[in-house]
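Residues per chain are reported as follows:
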Amino acid sequence: MEFKNTLEFARSLDAKDNLKTYRDEFIFPKINGKEVIYFTGNSLGLQPKRTKSFVDEVMKDWAELAVEGHFYAEKPWWDYHERLAEPLAKVVGALPEEISVMNTLTVNLHLLMVSFYNPTQKRFKILCEEKAFPSDQYMFQSQVRFHGLEPDETIVEIKKREGEHHWRTEDILAKIEELGDELALVLIGGVNYYNGQVMDMEAITKAGKAVGANVGWDLAHAVGNVELKLHEWDADFASWCSYKYMNSGPGNASGIFVNKKHLNKKDIQRFEGWWGTKKETRFLMKPEFEPMENADAWQISNVPVLSVAPYLASLTMFEEVGMQRLIEKRNLIVSYLEFILQEIDKEVDSTFEIITPADRGCQLSVFLHGQGKALFNYLMENGVVTDWREPNVIRLAPAPFYSTFEDMYRFGQILKEGVLAN
């Protein structure tokens, strides 16, 4: 398609957008009385309007039924989370029994490490990406120390090549082969939070399994953003947060994937609690743990229903639309945003360097050469909600559920005004 940097052209794309009605499903903050151009769905998605009714339903049941809501609410609380397994399985490419919803992302990664990081004297190393999200780095370091090992000797970071802004798959695969039978675990972010790169999860998983390592994925920036086939790829486990592209609300409940082959394993290590026991015998209060036959065996505590309700609300939209339609719009709108950046770059005395490679999802990370944080502040003050990363990178993530092509055009005009003003 031949793009044009005009309002008329942007509106023509919006007119053809078969997801355009979903914009009205979301609540937009306002700056100067106008709805913002929202580019931070990669940090926190907007609130769906239908969320309130799902939360209100739980509040009403709590008021009218109190403890009996666990069993007699319209959506009984004791198995509320089970309603999320099937729609989430479609989003991440899994079987419903491989999915559970619980806790938050880093808590779940710690719990999954109990099961999938079991170092021996020979096989003990962990492979991750250089400068992984800080929470992952802290998680790795504390897990390694818990096992009596030294992080510097145990955690191997894949580095980018000198002068490059993204990782090369061949370098990751070569490092996996080099580590060989010393490698216990590969755990990488499926989509890098900083540069927006989508890793070749299929190839990396295959390589890790080939040398005998377990392979897991932190999918915080991937779920609801890119195509995933966790079961088909034979990943051992994964976890993700739900409040970015999945729009479930700040700090909300996390999801996990545990490969079917690990379910019902009697010798698997796992921290266990009451909610992971079989439903049929849970209220017999038996002293022995009888695990659920699905990923719910990793559940420890009672389900936080008020947190899970917004997640379920958002998933109803994913069920209606499907990932393929979201990805089709994502590809077009991100390409249009890239075009707008290139066009504005020709009109101002600055250089915008896109550091996100072609393997990408919703996000473009852009170096604003010749510009400082004053430009970011100008954007925010003029209704563009974006994200700043030092030294001079902005992250732009047009979420296909609610971003429009007109947003991309208007952003370009505000960006040009900001450069000229600064």
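Please read all numbers here as calculations on a predicted model, not as lab measurements.

## Some remarks on helix H8 (residues 169–179)
Moving on, step 1. Along H8, the residues classified as buried are Ile172, Ile176 and Leu179. Down the axis of H8, the buried side of the element spans an arc of 70°, and every buried residue falls inside it. Among the exposed residues of H8, those oriented more than 90 degrees off its buried face are Glu177 and Glu178.
Moving on, step 2. Tucked inside the fold, the buried residues of H8 contact strand E7 (125–129), strand E8 (155–158), strand E9 (183–189) and helix H9 (201–210).
Moving on, step 3. Just downstream of H8 lies Gly180, where phi reads positive at about 50°.

## Overview of the UniProt feature "modified residue: N6-(pyridoxal phosphate)lysine" (unreviewed entry) in the protein
Moving on, step 1. The UniProt entry lists Lys244 under the feature "modified residue: N6-(pyridoxal phosphate)lysine" (unreviewed entry), expressed in the numbering used here.
Moving on, step 2. Within the fold, Lys244 resides in the loop between strand E11 (237–240) and strand E12 (254–258).
Moving on, step 3. Residue classification places Lys244 among the buried residues on the basis of a relative accessible area of 10%.
Moving on, step 4. Each residue touching Lys244, except ones within four places of it in the same chain, is listed here: Gly41, Asn42, Ser43, Leu44, Gly45, Ala220 and His221.

## Let's talk about the sheet that holds strand E14 (residues 364–369)
Moving on, step 1. Pairing in this open sheet of four strands is antiparallel, and the strands run E13-E14-E17-E16 from one edge to the other. In the strand order of this sheet, the two ends are held by strand E13 (351–354) and strand E16 (387–389), each with one partner. Each adjacent strand pair in this sheet contributes to an overall mean axis angle of 30°, direction not counted.
Moving on, step 2. The sheet strands contacting helix H12 (residues 323–347) are E13, E14 and strand E17 (393–396), and the helix crosses E13 at an angle near 155°.
Moving on, step 3. In this fold helix H13 (residues 373–381) packs onto E14, E16 and E17, with an angle of close to 170° to the strand it touches most, E16.

## Examining the packing of helix H2 (residues 51–65) against helix H11 (residues 305–321)
Moving on, step 1. The N-to-C vectors of H2 and H11 enclose an angle of 145°; their axes lie 8 Å apart at closest approach. At the point where H2 passes H11, the crossing takes the right-handed sense. Along its contact with H2, which presents Thr51, Phe54, Val55, Val58 and Met59, the element H11 presents Val305, Leu306, Ala309, Pro310, Leu312, Ala313 and Thr316.
Moving on, step 2. For the contact of H2 with H11, the class distribution of residues is 10 nonpolar, two polar and no charged.

## Quick look at a negative patch on the surface
Moving on, step 1. Negative charge collects at one region of the surface, where Asp200, Glu202, Glu227, Glu232 and Asp359 lie side by side.
Moving on, step 2. Within the secondary structure, Glu227 is located in the loop between strand E10 (214–218) and helix H10 (230–233).

## Some thoughts on the nonpolar core
Moving on, step 1. With 74 residues, the main nonpolar core has Trp217, Leu219 and Trp240 as its most contacted residues.
Moving on, step 2. Tallying contributions element by element places H11 first for this core, with 10 residues.
Moving on, step 3. Apart from the residues within four sequence positions on either side, Leu219 is in contact with Gly190, Met201, Leu228, Leu230, Ala238, Ser239 and Trp240.

## Digging into the pattern of salt bridges
Moving on, step 1. Inspection of every chain in the model, using the stated rule, returns 35 salt bridges.
Moving on, step 2. Where Lys279 meets Asp79, a salt bridge forms, and the shortest distance between an N and an O atom there is 3.8 Å. Of this pair, Lys279 sits in the loop between E12 and H11 while Asp79 sits in the loop between helix H3 (69–72) and helix H4 (85–92), and the two are 200 residues apart along the sequence.
Moving on, step 3. On the basis of relative accessibility, which here comes to 22%, the residue Lys279 falls in the partly exposed class.
Moving on, step 4. With relative accessibility at 15%, the residue Asp79 sits in the buried group.

## Some thoughts on the pairing of E10
Moving on, step 1. The buried fraction of E10 is high, at four of five residues.
Moving on, step 2. Here E9 runs beside E10; their pairing, made up of five bridges, is parallel. Bridging from a neighbouring strand, Leu185 pairs with Asn214 of E10.
Moving on, step 3. For the segment spanning E9, H9 and E10, crossover handedness is right-handed.

## Some points on the packing of aromatic side chains
Moving on, step 1. Scanning all chains against the criterion turns up 22 aromatic pairs.
Moving on, step 2. Aromatic pair Phe3 and Tyr336: ring centres 5.1 Å apart, planes at 65°, arrangement edge-to-face. Taken as a pair, Phe3 in the segment before helix H1 (7–16) and Tyr336 in helix H12 lie far apart in primary sequence, 333 residues in all. Both residues of the pair, Phe3 and Tyr336, count as buried.
Moving on, step 3. The interplanar angle of 55° and the centroid separation of 6.1 Å between the aromatic rings of Tyr336 and Phe405 together place this pair among those described as tilted. Pair noted here: Tyr336 is in helix H12 and Phe405 is in helix H14 (residues 405–421), with a separation of 69 residues, a long-range link. Of the two residues, Tyr336 and Phe405, neither departs from the other in class, the shared state being buried.
Moving on, step 4. Clustering of aromatic rings is evident, with ring pairs tying together Tyr22, Phe26, Phe28, Tyr38, Phe318, Phe401 and Tyr402.
Moving on, step 5. Here the guanidinium or amino end of Arg23 rests over the ring plane of Phe28, the centre of that ring lying 4.3 Å away.
Moving on, step 6. Cation over ring: Lys160 sits above Trp167, and NZ or CZ is 4.2 Å from the ring centre.

Rules and cut-offs
- Residues numbered from 1 in each chain as written.
- Predicted model: local features only at pLDDT ≥ 70, side-chain atom pairs only at ≥ 80, totals over all residues.
- Heavy atoms only, no water.
- Buried < 20%, exposed > 50% of the residue type's maximum accessible area, 1.4 Å probe, protein only.
- Helix = DSSP H or I, 4+ residues; strand = E, 2+ residues; numbered from the N terminus.
- Arc of directions from axis to C-beta.
- Contact = heavy atoms within 4.5 Å.
- UniProt positions renumbered as here; feature names shortened; annotations may be inferred.
- Pairing = 2+ DSSP bridges.
- Axes fitted to C-alpha atoms, helices over the stretch in contact; angles between N-to-C directions.
- Left-handed = near helix turned anticlockwise from the far one by under 90°.
- Nonpolar A, V, L, I, M, F, W, Y, C, P; charged D, E, K, R; others polar.
- Patch = residues over 30% accessible without salt bridge, like charges linked within 9 Å, V, L, I, M, F, W, Y side chains within 5 Å.
- Areas by Shrake-Rupley, 256 points an atom, 1.4 Å probe, with all protein chains shown as cover.
- Salt bridge = Lys/Arg side-chain N within 4 Å of Asp/Glu carboxyl O.
- Lys, Arg positive; Asp, Glu negative; His and termini not counted.
- Charge placed at Lys NZ, Arg CZ, Asp CG, Glu CD.
- Core = buried A, V, L, I, M, F, W, Y, C linked by side-chain atoms within 4.5 Å.
- Right-handed = clockwise from strand over helix to strand, strands pointing away.
- Phe/Tyr/Trp six-rings, centres within 6.5 Å; stacked < 30°, edge-to-face > 60°.
- Lys NZ or Arg CZ within 6 Å of the ring centre and 35° of its normal.

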